[in-house]
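This is what each chain is made of:
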Amino acid sequence: MEKIEIDKNSGTPLYLQLARQLEQQAADGILVPGERLLSEVRMAEVSGLSVGTVKKAYTWLQDRGVVQKIRGGGAYVQKKQPENGQSRGKSPSDIVEEMFSKVSSSGLPMNRVFLLAQQELVSHFQEKQKICAALVECNIEILHSIAPVVESIPNLTVETYVLEELLSGSRVISSRCDLAFISQSHYQEFIGYADALGIPTETFALVESRETIARLATIPEDQPICILYRSATFLKNARRTLQHLGKTNEQICASEEEMSEAIDNCCRQGMPLIISPDYIEYASAWTLQVVARARKSRSRIIPMEYEIDQGSWMHMVEVVGKMDRQKGNGEI
């Protein structure tokens, strides 16, 4: 296995970065069929990711047929599928005849064979017809937390993009994307870019999760609050939420790049600590130590989590469903 390179500042989820690199190594023959991948714990150590992230990457690879996970036995690289070139020289009728000859020898009733063939064709067609959406946000923490939710929409695949990277030109939305989703608060910044690409754009509303609101609401008014942030956008959102809740508590803020003893001492004193929901996957070793000491002193750890508004979610599902039907009818 070649070295795995993970970019924690990328808009692409960490598990997907790992999975795609392993998939490419399997396609290039670096990982050979039958080879066992590193255990999830060992891969986490090598790649600098959490075990949960590695587990998600291995599951993604298994779903794509790249590896086979054996319970208690690890994950193994699957044999490559025959190249199209191996079928050259055979007529379509020869290929079909050979296929049915093999199926007939299995002893399955012919009506069962036809049913299985129909299901496989439908499944294959639907997979090819999936809608691809560009999910755009300016806050990478929010982007990674809502991406799995958007990916759960039927017949939809998602590619994630950080707004700043698009506007600066360091990344471009892939031509595979049929539409873009962006939060309402950043629509005006993005629409000019979207119009230039000619990509349809739909907005959604983000709201603080009910769990986050409940945790913040119970903080005493005289209790200082520590905020540990990675991006200025996250800090701005956290402060806005506290303001909306009427919290006038003293705020002690520190970025992960400028971690100070001050916030560490505050956490040791049991002050509430607001952090991004994905800090375990992205935080530095020093940050993890600070959070661990905060837990030991029984500080309240409050992940600032956001979710897609229910009305927006229903609208997104409706948009994807309509586009999926249009694509299936050849209208787009």
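Remember, predicted model here, so these are calculated numbers, not experimental data. (Residues numbered from 1 in each chain as written. Predicted model: local features only at pLDDT ≥ 70, side-chain atom pairs only at ≥ 80, totals over all residues. Heavy atoms only, no water.)

Topic: helix α8 (residues 187–197)
Part 1 of the argument: Along α8, the residues that are buried comprise Phe190, Ile191, Tyr193 and Ala194.
Part 2 of the argument: Those residues of α8 hidden inside the fold are in contact with β3 (131–137), α7 (163–168), β5 (179–183) and β6 (201–204).
Part 3 of the argument: Phi turns positive, to about 75 degrees, at Gly198, one or two residues after α8. (Buried < 20%, exposed > 50% of the residue type's maximum accessible area, 1.4 Å probe, protein only. Helix = DSSP H or I, 4+ residues; strand = E, 2+ residues; numbered from the N terminus. Contact = heavy atoms within 4.5 Å.)

Description of the sheet that holds strand β9 (residues 251–255)
Part 1 of the argument: The strand order β9-β8-β10-β11 describes an open sheet built from 4 strands, whose pairing is parallel. Where the open sheet ends on each side, the last strands, each with one partner, are β9 and β11 (301–303). Averaged over all pairs of adjacent strands, the angle between strand axes in this sheet comes to 25 degrees, irrespective of strand direction.
Part 2 of the argument: Across 2 bridges, the pairing between strand β8 (residues 225–229) and strand β10 (residues 273–275) is parallel. Each bridged residue has a counterpart across the sheet, and for Ile227 the counterpart in β10 is Ile274.
Part 3 of the argument: Here helix α13 (residues 285–296) sits on the sheet and contacts β8, β10 and β11; the angle it forms with β11, its principal contact strand, is near 125 degrees. (Pairing = 2+ DSSP bridges. Axes fitted to C-alpha atoms, helices over the stretch in contact; angles between N-to-C directions.)

Quick word on helix α1 (residues 14–27)
Part 1 of the argument: Along its 14 residues, α1 runs 20 Å from first to last C-alpha, staying within 8% of the 20 Å computed at 1.5 Å per residue.
Part 2 of the argument: Burial in α1 covers these residues: Leu14, Tyr15, Leu16, Gln17, Leu18, Ala19, Leu22, Gln25 and Ala26.
Part 3 of the argument: At the exit of α1 stands Gly29, carrying a positive phi of roughly 85 degrees. (Expected span 1.5 Å × (residues − 1).)

Description of the nonpolar core
Part 1 of the argument: Core analysis: the largest hydrophobic core is formed by 34 residues, its most contacted members being Leu135, Val150, Leu156, Phe181 and Ile274.
Part 2 of the argument: If you list the elements that add at least two residues to this core, you get β3, α6 (140–151), β4 (156–162), β5, β8, α10 (232–244), β12 (306–308) and α14 (310–328).
Part 3 of the argument: Among the elements that take part in this core, α6 stands out by supplying 6 residues, more than any other.
Part 4 of the argument: The contacts of Phe181, once residues within four sequence positions are left out, are Ala133, Ala134, Leu135, Val136, Val150, Glu202, Phe204, Met316 and Val320. (Core = buried A, V, L, I, M, F, W, Y, C linked by side-chain atoms within 4.5 Å.)

A look at the pairing of β3
Part 1 of the argument: Judged by how many residues are buried, β3 sits mostly within the fold: 7 of 7 residues are covered.
Part 2 of the argument: The alternating pattern of β3 places Ile131, Ala133, Leu135 and Glu137 on one face and Cys132, Ala134 and Val136 on the opposite face, and all of these are buried.
Part 3 of the argument: Inspection of the sheet shows β3 paired to β4 by 7 bridges, in the parallel sense. Note that in β4 the partner of Val136 across the bridge is Tyr161.

Here's the deal with the confidence of the model for the protein
Interpretation of the predicted coordinates at a detailed level should be avoided for regions scoring low in pLDDT.
Part 1 of the argument: Summing up the model confidence of the protein, the mean pLDDT is 81 and the portion of residues at 70 or higher is 80%.
Part 2 of the argument: With pLDDT under 50 throughout, residues 81–88 is counted as low confidence; its partners more than four residues away or in other chains account for 1 contact.
Part 3 of the argument: The low-confidence segment residues 124–128 (pLDDT under 50) makes 0 contacts with residues lying over four places distant or belonging to another chain. (pLDDT = per-residue confidence, 0-100.)

A few points about the pattern of salt bridges
Part 1 of the argument: This structure, assessed with the given rule, holds 5 salt bridges.
Part 2 of the argument: As a salt-bridge pair, Glu5 and Lys3 come within 3.8 Å of each other at their nearest N and O atoms.
Part 3 of the argument: With a shortest N-O distance of 3.5 Å, Glu221 and Lys247 are connected by a salt bridge. Remark: Lys247 occurs in the loop between α10 and β9 and Glu221 occurs in the loop between α9 (210–217) and β8; sequence separation between them is 26 residues. (Salt bridge = Lys/Arg side-chain N within 4 Å of Asp/Glu carboxyl O.)

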